[in-house]
Each structure stands twice: as structure tokens, then as C-alpha cells.
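Residue-level structural notes
Spelled out, the chains give:
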Amino acid sequence: MHYHQYYPCDVVNGPGTRCTLFVSGCEHQCRGCYNQSTWPLHSGKPFSREMEDRIIADLQDQRIRRRGLSLSGGDPLHPANLSAVKHLIARVRRDCPDKDIWLWTGYVMETLTRAQQEVTALIDVLIDGPFVQHLSDPSLPWRGSRNQRVLRKAGSQGAWMEVVDNSG
């Protein structure tokens, strides 16, 4: 996996102060996307064990408390990213169990492959759907167009529920 940018202190991509990783690789290539530089799968920098360790250390840093990890891109659920993203999420769950994990994808929840579902089973909030330029709405929290949904796990079965107040 490659990544384009890592923000150790981000207050834009999810609620609270967060660590945010923008991965490379996107099949959707949505018209009007503000992150077109992340589309090529091997663009940016290789994701390394050192970067993974840095994310964990930043999430555990008591000087600047982070609420969680945000994964965007590109697309974290791009088939080529699944193994590395799943490994990172599993490590965050193990080493930082009090942190929440948000993930943005251009795929729609109902069409995810089994491998993609294995990744989303480990996260707390999923923002799904491609960016659709004519449905763009800058007033929407956490997403860029009205077709995209903010989905949160609910209940003991981990069923996904759409967040209607959009506060996260």
C-alpha cells in the first residue's frame, strides 16, 4: 500500500482531534474529486512499519489526546489496499482499544465484497458512496455529496445504521 498524506493532528476528518491517513489508489475517479492526486495506486510513499508505528504512537500520545483514526484517500477499500488497511485497523484495535475508527470509501455498503466487509467489520463509522458532483453540498458534515451516507455500527450485532443528525 502507498499513502499520500498523514496528519497526526486533524480536526476536519471526523469528530475531535484525530490521526488521519490518506491512502493511494481509487477506482472511482469521481468527477470533481478534491483528492485526484491519490488516484494512482502507487503514487505517494510506501506505507511502512515505521509509519504504522508512528500512527500508533500518535494515537497513544497523552500530550495531545486523539479521539481516533480516520482513513481516507484514494480509497482504503481499494482491493490492493485491503490487506494493509485491515492490518493497521487490527493493530489500532489491539493497541488503542479506546479509539474510534472512521473510514471513507467510494464503494456502497450493500455492494462490498467479502474482503471489504472484513475490513468494515473492524471500524466504527463508514462514509460510503462515490462523490457525485451535481449532488455536492459543502454544508454536509463528514461528506461531500448528498448521496453519501454516514453509517455507524449499532447494537450488539454490529448492524449499520445511518446517522441522521450527522454529528458523528
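Described below are features of the structure shown in this document. Because the structure is predicted, anything quoted here is derived from the model rather than measured. (Residues numbered from 1 in each chain as written. Predicted model: local features only at pLDDT ≥ 70, side-chain atom pairs only at ≥ 80, totals over all residues. Heavy atoms only, no water.)

Section: the sheet that holds strand β4 (residues 68–73)
Read across the sheet, eight strands follow the order β3-β1-β2-β4-β5-β6-β7-β8 without closing on themselves; strand pairing throughout is mixed. Unpaired on one side and paired on the other, β3 (45–46) and β8 (159–162) mark the two borders of the sheet. One ladder, built from three bridges, connects strand β5 (residues 100–104) with strand β6 (residues 125–128); its direction is parallel. Its bridge partner being in β6, leucine 103 is matched across the sheet by leucine 126. (Pairing = 2+ DSSP bridges. Helix = DSSP H or I, 4+ residues; strand = E, 2+ residues; numbered from the N terminus.)

Observations concerning the pairing of β5
Among the five residues that make up β5, five are buried, leaving the element largely enclosed by the rest of the structure. What you see with β5 is no split at all: Asp100, Trp102 and Trp104 on one side and Ile101 and Leu103 on the other are buried throughout. The pairing of β4 with β5 spans four bridges and is parallel. In the strand pairing of β5, glycine 68 is matched with aspartate 100. Taking the sense of rotation as the criterion, the β-α-β connection linking β4, helix α2 (residues 82–95) and β5 turns out right-handed. (Buried < 20%, exposed > 50% of the residue type's maximum accessible area, 1.4 Å probe, protein only. Right-handed = clockwise from strand over helix to strand, strands pointing away.)

A short note on the nonpolar core
If you look at the biggest cluster of nonpolar residues, it comprises 28 residues, and the most contacted ones within it are Leu21, Ile55, Leu71 and Leu103. Secondary-structure elements contributing two or more residues to this core are β1 (2–10), β2 (18–23), α1 (49–60), β4, α2 and β5. The leading source of residues in this core is α2, at five residues. Residue contacts for leucine 71: discarding those within four places in its chain leaves Leu21, Pro76, Val85, Leu88, Ile89, Ile101, Trp102, Leu103 and Trp104. In terms of nonpolar packing, the next biggest core, distinct from the first, is built from seven residues, Trp104, Val125, Trp142 and Val163 among them. (Core = buried A, V, L, I, M, F, W, Y, C linked by side-chain atoms within 4.5 Å. Contact = heavy atoms within 4.5 Å.)

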